[in-house]
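The residues making up each chain are set out below.
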Amino acid sequence: MDPLLKIEDLHKRFGAEEILKGVSFDVHRGQTIVVMGPSGTGKSTMLRCLNRLVEPDRGRISLDGVEVTDSHTDINAVRASIGYVFQDFHLFTHLTALDNVRIGLLKVKRLDRDRATERARRMLERVGLAAKADAYPAELSGGQQQRVAIARCLAMDPKVMFFDEPTSALDPELTGEVLQVMDELAREGMTMLVVSHELGFARRAAHEIIFMEHGRIVEQGPPDQLFSQPREQRTGEFLRRIAAEE
Amino acid sequence: MGIDGLELIWTSLPELLWATLVNLRVFAALIPIGFAVGIGVALAQVYGRRPLAALASAWEWFFRGVPALVLLFLFFYGLGRLGLDVSAFLAGALAMGFRSSGYQSQIFRGAIQSVPAGQVTAARSLGMTRLQVVKSVVLPQALRLAIPAWSNEFSSVLKDTTLVYAIGINEVMRFARTVYVSHPELAMLTFLTVALIFWVLTSLGNTALQALERRLAVPGFEVRGRGATRDAR
């Protein structure tokens, strides 16, 4: 079967610095792929290139048969089919949790108000926050805000979800509730591309782990293999170091 | 002056207030002009491509850099020379409105830029168009953030409406003149009365704006000055 998301030879340069030096990989339907690597390696830039929040310099991206990198492609339609969860949540602070989840349905999907509301409520329920529908982001904990952000993506019925270090801005005691939601999504067969150093999540949910460094993929494989017998020395060193930090 | 003077001012008060309505009409015409153009200029400066952004900056630079009286004369005499038949009222409202747009644009630019960029990114990643992001995410937050600074501009232009006196509009200062020309000893009292009228008007306006700001406050997001100090104590 064709991969859902196909990335070929992705390049991106900011000024003199080459952030991505030719990244290629496939994401198949229902797969969870966890991307790891030292900071400044281009993991976030890569995610941003994939829905062209950042315009890649070179390379080809296709999502479910749609050429994302084709300039004639309706990029807003592509973005609407990709759930994007940010490190810092980026909820709309002037809107309640319900309105945060509903806004994409109303403005992008053009659902009528009743159906949008009903769907938004179901999504909040799915992330365990039905009771917080009327709360504003500033009234929620970081973990709750991130779950609302996930619900905001889920409402759009995405083909794939991107997570950009979804727990890095959270206190350790709040990461669990977010990871739990992500675990459930993985179990339900959501296709996910996750930039994260959560080893526990990677072991539990990842079908594959990609280790990136200096704008390149160093090594890619199932978690068992990467954790126990990495081919590259750098992979082993890095994984041992973050394991020690945990 | 004495009691007679007070009585004379008292009897002129209805007419002074009546003349103030002219100022309020000028104000009501110039504020929407300044608001709409100001937001447009701010958006062009923040999101516009090079030529549009440069044009917006030139507009702002011109209207903030020229004295109000000069603008009034330029519009009042200049538009006529261009063959446009405009009333003194319209010339005044345009001159003062465009001038205010220069100031308001910078208030809105600051407010627009203080909406976290991450929210714009998040909205774009949902598939919203630029216009939708501006309408649904940026402006609702920016307009609320702009209220404190905007209340300054509000007070300034409200009082500046007295300047249209210079292009012959029969507003409150022109009427005041008729009082103190015939009774020079009442000049000070007349000025103080006009001062009082504007003091009341700006106070009312600012109180309304503060109430609006409180009403639009996002729960949990910002604790207003008074609440914050109370908590700190």
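Parameters at a glance
- Residue numbers here run from 1 along each chain, matching the order of that chain's written sequence.
- To read the labels, note that chains go from A and ligands from 1, taken in the order they are written.
- It should be noted that, the model being predicted, local features are given only for residues of pLDDT at least 70 and side-chain atom pairs only at 80 or more, the latter also being counted only at that level, while totals for whole chains, interfaces and linings use all residues.
- Hydrogen atoms and water are omitted, and side-chain values are computed over all heavy atoms in the structure.
- The way it works is that DSSP assigns letters per residue, a run of H or I at least four long becomes a helix, a run of E at least two long becomes a strand, and they are numbered from the N terminus.
- To estimate how far a helix should extend, the number of its residues minus one is multiplied by 1.5 Å.
- Two axes define the bend at a residue: one fitted to the seven residues ending there, one fitted to the seven starting there, and the bend is the angle between them.
- In this scheme, a residue with accessible area under 20% of its type's maximum is buried, one over 50% is exposed, and one in between is partly exposed, where area comes from a 1.4 Å probe on protein chains only.
- Residue ranges for the domains originate in an automatic or database domain assignment.
- Any two residues whose heavy atoms approach within 4.5 Å at even a single point are treated as in contact.
- By convention, the term buried area covers the 1.4 Å-probe accessible surface removed from two parts as they join, with the contributions of both added.
- Take a side-chain nitrogen of Lys or Arg and a carboxyl oxygen of Asp or Glu: if they are within 4 Å of each other, that pair is a salt bridge.
- For this analysis, a polar contact is any N or O atom pair within 3.5 Å, provided that within protein one partner can donate a hydrogen and the other can accept it, and provided that sequence-adjacent residues contribute only side-chain to side-chain pairs.
- Note on pairing: two strands pair once DSSP finds at least 2 bridges between them.
- Axes, fitted as lines to C-alpha atoms, cover a helix only where it is in contact. Angles between the N-to-C directions of the axes lie from 0 to 180 degrees.

All names here are of chain B. In this model helix H4 (residues 88-113) runs 37 Å from its N-terminal to its C-terminal C-alpha over 26 residues, within 8% of the 38 Å that 1.5 Å per residue would give. Within H4, the axis deviates most sharply at Gly102, by approximately 25°. Burial of H4 is extensive: 19 of the 26 residues sit out of reach of the surface.

The extent of an interface is frequently quoted as the accessible surface area lost upon association of the parts. All names here are of chain A. Looking at the assigned domains, one finds that chain A contains domain 1 (5-81 + 159-245) and domain 2 (92-157). With centres defined by C-alpha atoms, the gap from domain 1 to domain 2 works out at 25 Å. Facing 15 residues of domain 1, the contacting portion of domain 2 comprises 14 residues. Of the roughly 1,100 Å² buried where domain 1 meets domain 2, counting both sides, 68% is carbon and sulfur surface. Looking only at domain 1, the three residues that lose the most surface to domain 2 are Ala80, Glu177 and Val181, adding up to 37% of its buried area. At the boundary of domain 1 with domain 2, the tally comes to two salt bridges. Linking domain 1 with domain 2 are four residue pairs in polar contact (both at pLDDT 80 or more), by the criterion used here. Broken down by secondary-structure element, the contributors of at least two residues to the side of domain 1 that touches domain 2 are strand S7 (160-164) and helix H6 (172-187). The greatest single-element share of the side of domain 1 that touches domain 2, amounting to seven residues, is contributed by H6.

Residues and elements named next belong to chain A. Pairing is mixed across the open sheet formed by six strands, whose spatial order is S6-S7-S8-S3-S9-S10. Single-partner strands in this sheet number two, and they are strand S6 (82-85) and strand S10 (216-221). Mean inter-strand twist for the sheet, computed between neighbouring axes without regard to direction, equals 15°. Where strand S3 (residues 32-36) meets strand S8 (residues 192-195), four bridges bridge the pair, whose relative direction is parallel. Considered in S8, the bridge of Ile33 is made with Leu193. Along the sheet face, helix H9 (residues 233-245) touches S3, strand S9 (208-213) and S10 and points at about 100° away from the line of S9.

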